[in-house]
Amino acid sequence: SARMLFVQFSVTANRNTTSPSAEMSSTPASLLGEFLIALSQLSKNQGVILVAATNKTSALDPALLRRFTTKVLIGLPDCETRAAMWENCFLSYGMDHQADRDNQPGFFGAAIAQSQSMKNTDIFEFLAEQSKGLSGSDIQVVCRRAWLSNIRRLLRRHGF
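Computed from a prediction, not measured in an experiment: that's the story for all the values here.

Asks: Whenever I open this one, helix α6 (residues 136-157) confuses me. Can you help?
Replies: Across its 22 residues, α6 extends 32 Å between first and last C-alpha, which sits within 8% of the 32 Å expected from 1.5 Å per residue. With its phi angle positive at about 80°, G159 sits one or two positions after the end of α6.

Asks: Explain the packing of helix α3 (residues 79-92) against helix α5 (residues 123-130) to me, please; I cannot follow it from the model alone.
Replies: Two quantities define a packed helix pair, namely the angle between the axes and the distance from one axis to the other. Where α3 contacts α5, the axes come no closer than 8 Å and their chain directions differ by 120°. Comparing the axis directions of α3 and α5 gives the class oblique. Crossing handedness for the pair α3 and α5: right-handed. In contact with C79, R82, A83, W86, E87 and F90 of α3, α5 contributes F124, E125, L127, A128 and E129.

Asks: I'm lost on the nonpolar core in this one. Help?
Replies: Within soluble globular proteins, side chains that are nonpolar generally end up buried alongside one another. Residues A83, W86, C89, F90, Y93, M95, I123, F124, L127, A128, I139 and C143 constitute the largest nonpolar core, which totals 12 residues. Taken together, the elements giving at least two residues each to this core come down to α3, α5 and α6. The contacts of A83, once residues within four sequence positions are left out, are F124, E125 and A128. F9, L36, L39 and L64 belong to the second largest nonpolar core, which has 9 residues in total.

Asks: Just to check I follow, could you spell out the packing of α3 against α6 for this structure?
Replies: One can describe the packing of α3 onto α6 by two numbers: an axis separation of 10 Å at closest approach and a directional angle of 35°. The interaxial crossing formed by α3 with α6 has right-handed handedness. Residues R82, M85, W86, C89 and F90 of α3 pack against G136, I139, Q140, V142 and C143 of α6. By residue class, the composition of the contact of α3 with α6 is 7 nonpolar, 2 polar and 1 charged.

Asks: Quick question: what am I supposed to make of the packing of aromatic side chains here?
Replies: Describing an aromatic ring pair means giving the distance of the ring centres and the angle of the ring planes. Overall, the coordinates contain 2 aromatic pairs when judged by the stated rule. Centre to centre, the rings of F90 and F124 are 5.0 Å apart; their planes meet at 85°, and the pair counts as edge-to-face. Of this pair, F90 sits in helix α3 while F124 is found in helix α5, placing the two residues 34 residues apart along the sequence. Pair check on accessibility: F90 and F124 agree, each one buried. Measuring from centroid to centroid gives 5.3 Å for Y93 and W147, while their planes differ by 45°, and the two rings are tilted. Within this pair, whereas Y93 is found in the loop between α3 and α4 (109-113), its partner W147 is found in helix α6, the two being separated by 54 residues in sequence.

Asks: Help me understand the confidence of the model for the protein in this model?
Replies: Residues shown with low pLDDT carry predicted positions that ought not to be read at fine detail. With 70% of its residues at a pLDDT of 70 or more, the protein has an overall mean of 75. For the protein, α4 is the element with the lowest average pLDDT, namely 53, and α3 is the one with the highest, namely 91. pLDDT under 50 marks residues 11-24. Its contacts with residues more than four places away, or in other chains, come to 17 contacts. A low-confidence stretch, residues 99-103 (pLDDT under 50), is modelled with 8 contacts involving residues beyond four sequence positions or located in other chains.

Reading the values: rules and limits
Residues numbered from 1 in each chain as written. Predicted model: local features only at pLDDT ≥ 70, side-chain atom pairs only at ≥ 80, totals over all residues. Heavy atoms only, no water. Helix = DSSP H or I, 4+ residues; strand = E, 2+ residues; numbered from the N terminus. Expected span 1.5 Å × (residues − 1). Axes fitted to C-alpha atoms, helices over the stretch in contact; angles between N-to-C directions. Parallel < 35°, antiparallel > 145°, perpendicular 65-115°, else oblique. Left-handed = near helix turned anticlockwise from the far one by under 90°. Contact = heavy atoms within 4.5 Å. Core = buried A, V, L, I, M, F, W, Y, C linked by side-chain atoms within 4.5 Å. Buried < 20%, exposed > 50% of the residue type's maximum accessible area, 1.4 Å probe, protein only. Nonpolar A, V, L, I, M, F, W, Y, C, P; charged D, E, K, R; others polar. Phe/Tyr/Trp six-rings, centres within 6.5 Å; stacked < 30°, edge-to-face > 60°. pLDDT = per-residue confidence, 0-100.

This is how it looks when you write it as structure tokens:
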């Protein structure tokens with residue numbers, strides 16, 4: 001029976017990783033070497049399908065990339081998809097894009113409310129237009145940072 005193995009590559013497989021100590025900088029290289037050996041052994045087993053993903057193919061070692069016979073590039077999201085991603089991100093963090101409980105402008109609300117171009121534009125459409133070139137994970141990072149910023153603001157307001 002066929003088995004599928006999924007690997008997500010991150011900084012660990014980055015050949016350009018630098019660190020202050022020689023011991024630490026050799027770690028990604030040794031991990032990559034071990035992975036390449038394991039990958040060679042895995043390719044000998046029939047019925048194993050390896051699927052891998054990364055958002056930075058340029059950072060991966062060419063020896064690693066050569067091991068994959070088929071490459072599928074999934075581009076960045078279009079404006080409509082980014083708008084949906086922004087909305088999903090707001091909902092997943094429990095953020096109200098209109099106003100918070102203290103009747104203060106909500107997440108990004110103050111800056112967007114000041115924009116004259118926002119009169120007839122949905123906030124998620126506006127964010128999507130302003131975030132061309134961002135991936136879904138980039139949008140999630142922005143939302144997470146803003147959410148944490150709001151928590152810090154609330155904690156300061158209440159004396160913590």
